[in-house]
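Understanding the architecture of this molecule
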Amino acid sequence: MDGVSAFDEPLKKLLGGATAKVMAEHLDLHTVGDLLHHYPRRYEERGRLTALSDLPLDEHVTVVAQVADARVLTFNGGRGRRLEVTLTDGHGRLQLVFFGHGVHKPHKELLPGRRAMFAGKVSVFNRKMQLAHPTYQLLDAEGAEGAGDSEAVDAFAGRLLPIYPACKQIDSWRIAKAVDTVLPRAGEAVDPLPPGLREGRGLTALPEALQKVHRPRTKADIAEARDRLKWDEAFVLQVALARRRYADTQLPAAPRRPVPGGLLDAFDARLPFTLTEGQRKVSAEIFDDLATDHPMHRLLQGEVGSGKTMVALRAMLGVVDAGGQAAMLAPTEVLAQQHHRSVTEMMGDLAEGGLLGGSEQGTKVVLLTGSMGAAARRQALLDLVTGEAGIVIGTHALIEDKVKFHDLGLVVVDEQHRFGVEQRDALRSKGKQPPHLLVMTATPIPRTVAMTVFGDLETSVLDQLPAGRSPIASHVVPAKDKPHFLTRAWDRVREEVEGGHQAYVVCPRIGDDAEDEAAGKRAKKKTAEDEGEKRPPLAVLEIAEQLAKGPLAGLRVEVLHGRMNPEDKDDVMRRFAAGEVDVLVATTVIEVGVNVPNATAMVIMDADRFGVSQLHQLRGRVGRGSAPGLCLLVSEAHEASPARARLSAVAATLDGFELSRIDLEQRREGDVLGQAQSGVRSSLRMLAVIDDEEVIAAAREEAVAIVAADPELSGLPELRTALDALLDKGREQYLDKG
C-alpha cells in the first residue's frame with residue numbers, strides 16, 4: 001500500500017464505528033494520518049503526580065492522583081446521594097463529585113490509597129476546585145479486573161504516559177488506545193522534507209519521529225520527535241507562502257511614482273505637524289514598492305493611533321499623482337464613513353478637485369457603501385469610471401461587478417477584512433494590470449506570526465505613537481470580591497464627565513429580543529447539572545438603563561450597537577463626537593476607528609469575556625487627546641483564574657506587541673493559526689508560534705531557496721503531496737487572505 005493511501009485510510013475501518021464517529025465529530029479526526037498527527041499535549045511520568053495546585057479553570061484536564069478519602073452524602077431528605085472523593089498529589093488537593101446512580105461503581109473502586117487517571121472539566125464549587133463526574137482509569141494492579149485491564153495497567157506503568165488533547169466525549173486513554181491500533185502505519189509515512197535538508201539539519205526520519213512522539217521511552221525521544229515534527233509544519237507552510245510570493249513577483253503591475261510638485265507635495269506642505277521617524281521610514285518602503293513593475297503586497301502594522309491612516313493616505317496621493325486611482329476598503333459602513341470623514345478633513349480643499357472652490361491640484365474623494373441612495377451611488381460610480389475621483393473609500397461593495405475604475409493603481413485594505421483570493425482576483429480584474437496592495441492592521445502581530453499568518457506579505461511596522469497622545473492608566477475592578485470598587489468606578493466616570501470629558505461603557509452583549517431568544521434556546525438545552533454555569537454576559541440595553549437610573553443619573557447616557565440601523569448609529573456617533581452625549585454604552589462596534597479625543601474614560605464590563613488584543617484595541621479609544629485616559633476592566637472572575645491573569649496583564653502594559661505575545665502564550669496550541677484567525681482547523685499542532693521563532697525563520701530561508709531553484713517543485717514529489725494536503729480548499733483560502 002503506498003504511503004498516501006495508508007494515511008488516507010478512514011478511521012472507521014480500523015477503530016469501530018462509535019469511536020471513529022466521536023473522533024470525527026468532536027476532534028475533527030477522520031483518517032489514520034489525522035490521528036497520527038494528533039500529538040500528545042504533554043507526558044506524565046509514572047512516578048510523578050501532576051501538580052493539582054496548578055490546574056486551569058474551565059479546561060478539560062487529565063490528572064494522575066491518589067485517593068485520600070471518599071464519602072457518600074445524602075441530600076433532599078435522603079432521596080439524593082452524592083459521592084465526594086478527595087484526591088491528593090502531595091502538592092494540592094482536588095475534589096471529585098458523583099451524583100445519583102453514578103455513585104455505585106466509583107464508590108466501590110475509588111478507595112483511599114488507590115491511584116488512577118482522572119479526566120474531566122475543572123470547575124469551582126464553594127471556592128474549591130472540583131471535577132464533576134470525571135471518567136477514570138485505575139492504575140494499580142489490585143484495582144484492575146481481568147487480563148485486558150492488567151495490560152492497560154502495564155502500558156500505563158511505562159515511564160512516560162502520553163496525555164492527549166481530549167474532550168468530554170472521549171478521554172485521553174481511549175485516544176491512546178486508538179493510536180496504538182494505527183501506530184504500525186507510521187512506517188508508511190511519506191516524508192515531505194527534501195533529503196538534503198533533513199540530513200543537513202540532523203533531523204530524525206518521519207516514521208521514527210511519529211513512533212517516538214506517541215510512545216517515547218525517554219525524554220530525549222520526545223525532544224527529537226518534536227524537533228522533527230515542528231520542522232515539517234514550519235517548512236511545508238513556508239513553502240506554500242514562498243510559492244505565493246514567487247507567483248506574485250511574476251505578475252505585471254504599473255509602477256506608480258509620485259510627481260514632484262503634485263498632490264502629495266501640496267498635502268505635505270499643509271501638514272500642521274512633522275511625520276514621526278517611523279512614518280517616514282515606512283512611507284519610504286511603500287514608495288519603493290510602488291515604483292516597481294510587479295504588485296506591492298505589504299502588511300502595515302501599527303498600534304492604535306500610530307498614524308497608519310496618514311501613511312496610507314500619502315501612498316494613495318502618490319498613486320493619484322502618478323495618474324492612477326486608489327481604493328480603501330473598510331470592514332463596515334461605519335468605518336468606511338469614518339475613514340472618508342478623516343481623509344477629507346486631512347486633505348481639506350485638496351479633496352475637492354474639480355469642484356468649485358477646490359484646489360487645482362486636488363482630486364475628488366468619494367464614498368461608496370451599500371446603503372447609499374441611488375442618485376449618490378450613480379454619481380460616485382460615474383466619478384470612478386471617468387477618473388474624476390482619484391480616491392474612493394468604501395466597504396467591499398467596491399468589489400461588485402458594477403464598479404468600474406478608470407485606472408486602479410492601489411488598494412488599501414483596513415483591519416479585519418478577510419481579503420481572500422477571490423476578492424483579490426475581483427479587484428485585479430478592475431485594473432488594467434493588478435493593482436498594488438497595502439493591508440493595514442492595528443492588532444500588533446509578533447514577528448513569528450507575521451511570518452506565518454501573513455507570510456505572503458512584506459511587513460512594515462509603525463511602533464511609535466505620534467506626539468500628543470496621552471498615557472492611559474488601566475486597572476482591574478474585581479466586582480464580585482470588592483463591590484465597593486465598582487461603586488468607585490462609576491464615581492470616576494462621573495468625575496471625568498464633570499471635568500468636561502466623556503466616557504465609554506462597553507458590554508459583550510446587546511440584550512435585545514433577537515439575542516435573548518437565541519440565549520433562551522441555548523439555556524433550555526442546558527441540563528440540571530450545569531446549573532452552576534455562568535450567567536449570560538452583561539448587555540448594553542440593560543446596563544444603560546441601570547446606569548441612567550442609578551450611579552450615572554442626570555448624565556446624558558446613550559447606546560450604540562450593531563443591530564441599530566445605520567442612520568441611528570451615525571446620529572449617536574455624531575452627537576457623541578460633538579460632545580452632546582456624556583456616556584456611550586456600546587458593544588465592540590467602537591473597537592476600531594472611532595476617534596473622539598474628548599473621551600477619556602472607558603469601563604469594560606465582563607472584561608474577562610474579551611480577548612487580550614480586543615481589550616487592547618478597545619482601550620485605544622481613550623487617551624486620544626491631551627488629557628490622560630483611564631480604562632477600568634470590570635470582572636467577576638475568580639482571583640486565581642487564567643481570565644484574571646489575562647486582565648492583569650492588559651492592565652500592566654500598554655505595549656501591544658508584548659500583549660499579543662501574552663495572548664498567544666495563553667491560547668492553546670493550534671489556536672494561533674487555527675479558528676482564531678481563519679475558521680479553518682490549524683495544521684500547526686506541534687509548532688508553538690511564539691517559542692519556535694528560530695525554526696520558523698530557518699524554515700522560511702530554506703523554503704525561499706527551494707522555491708527559487710524549482711518553483712514548480714517538480715523534483716520534490718513528496719513535498720508536493722504534503723503541500724496538497726495542507727492546502728485543501730479551506731486552507732488555501734485562508735493563506736490567501738493576506
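Everything discussed here concerns the structure shown above.
So, here is what we can say about the structure in this document. (Residues numbered from 1 in each chain as written. Predicted model: local features only at pLDDT ≥ 70, side-chain atom pairs only at ≥ 80, totals over all residues. Heavy atoms only, no water.)

For the rest of this paragraph, the subject is the sheet that holds strand β15 (residues 458-462). Strand order in this open sheet of 7 strands is β11-β12-β10-β13-β14-β9-β15, and the pairing throughout is parallel. Looking along the sheet, the strands with just one partner apiece sit at the ends: β11 (364-368) and β15. Adjacent strand axes in the sheet meet at a mean angle of 20 degrees when their direction is disregarded. Pairing between strand β10 (residues 325-329) and strand β12 (residues 389-394): 4 bridges, direction parallel. (Pairing = 2+ DSSP bridges. Helix = DSSP H or I, 4+ residues; strand = E, 2+ residues; numbered from the N terminus. Axes fitted to C-alpha atoms, helices over the stretch in contact; angles between N-to-C directions.)

The next thing to look at is helix α21 (residues 566-577). For α21, with 12 residues, the first-to-last C-alpha span of 16 Å sits near the 16 Å given by 1.5 Å per residue. Regarding α21, the residues found buried are K569, V572, M573, R575 and F576. Taken end-on, α21 shows its buried residues confined to a sector of 165 degrees, consistent with a single buried face. Against the buried residues of α21 lie α14 (333-347), β17 (502-506), β18 (557-560), β19 (583-586) and β20 (599-604). At the C-terminal side of α21, G579 shows a positive phi close to 85 degrees. (Expected span 1.5 Å × (residues − 1). Buried < 20%, exposed > 50% of the residue type's maximum accessible area, 1.4 Å probe, protein only. Arc of directions from axis to C-beta. Contact = heavy atoms within 4.5 Å.)

Right, let's get into the sheet that holds strand β21 (residues 629-635). In space, the 6 strands of this open sheet follow the order β16-β21-β20-β17-β19-β18, with parallel pairing throughout. Every other strand in the sheet has two partners, leaving β16 (472-478) and β18 as the edge strands with one partner each. Neighbour-to-neighbour, the strand axes of this sheet turn through a mean angle of 20 degrees, independent of strand direction. Summarising the sheet, β20 and β21 pair through 4 bridges and their orientation is parallel. The residue of β21 that forms the bridge with V603 is L632. The sheet strands contacting helix α22 (residues 612-619) are β16, β17, β20 and β21, and the helix crosses β20 at an angle near 150 degrees.

Now for helix α13 (residues 308-321). Compared with the 20 Å implied by 1.5 Å per residue over 14 residues, the 20 Å span of α13 between its first and last C-alpha is a close match. In terms of residue burial, α13 counts as a mostly covered element, since 13 of its 14 residues are buried. One or two residues past the end of α13 sits G323, with phi positive at roughly 95 degrees.

Our next topic: the environment of D268. The topology assignment puts D268 in helix α11 (residues 263-270). D268 sits 46 residues away from R314 along the chain, and the two C-alpha atoms are 8.5 Å apart.

Moving on, we come to the packing of aromatic side chains. Counting across every chain of the model gives 3 aromatic pairs. A centroid spacing of 6.4 Å and a plane angle of 80 degrees characterise the contact between F98 and Y136, whose relative ring orientation is edge-to-face. Within this pair, whereas F98 is found in strand β4 (residues 93-99), its partner Y136 is found in strand β7 (residues 135-138), the two being separated by 38 residues in sequence. For F98, a relative accessible area of 3% corresponds to the buried category. Since its relative accessible area comes to 17%, Y136 is described here as buried. Taking 5.1 Å as the distance between ring centres and 55 degrees as the angle between the ring planes, the aromatic pair formed by Y504 and F576 counts as tilted. (Phe/Tyr/Trp six-rings, centres within 6.5 Å; stacked < 30°, edge-to-face > 60°.)

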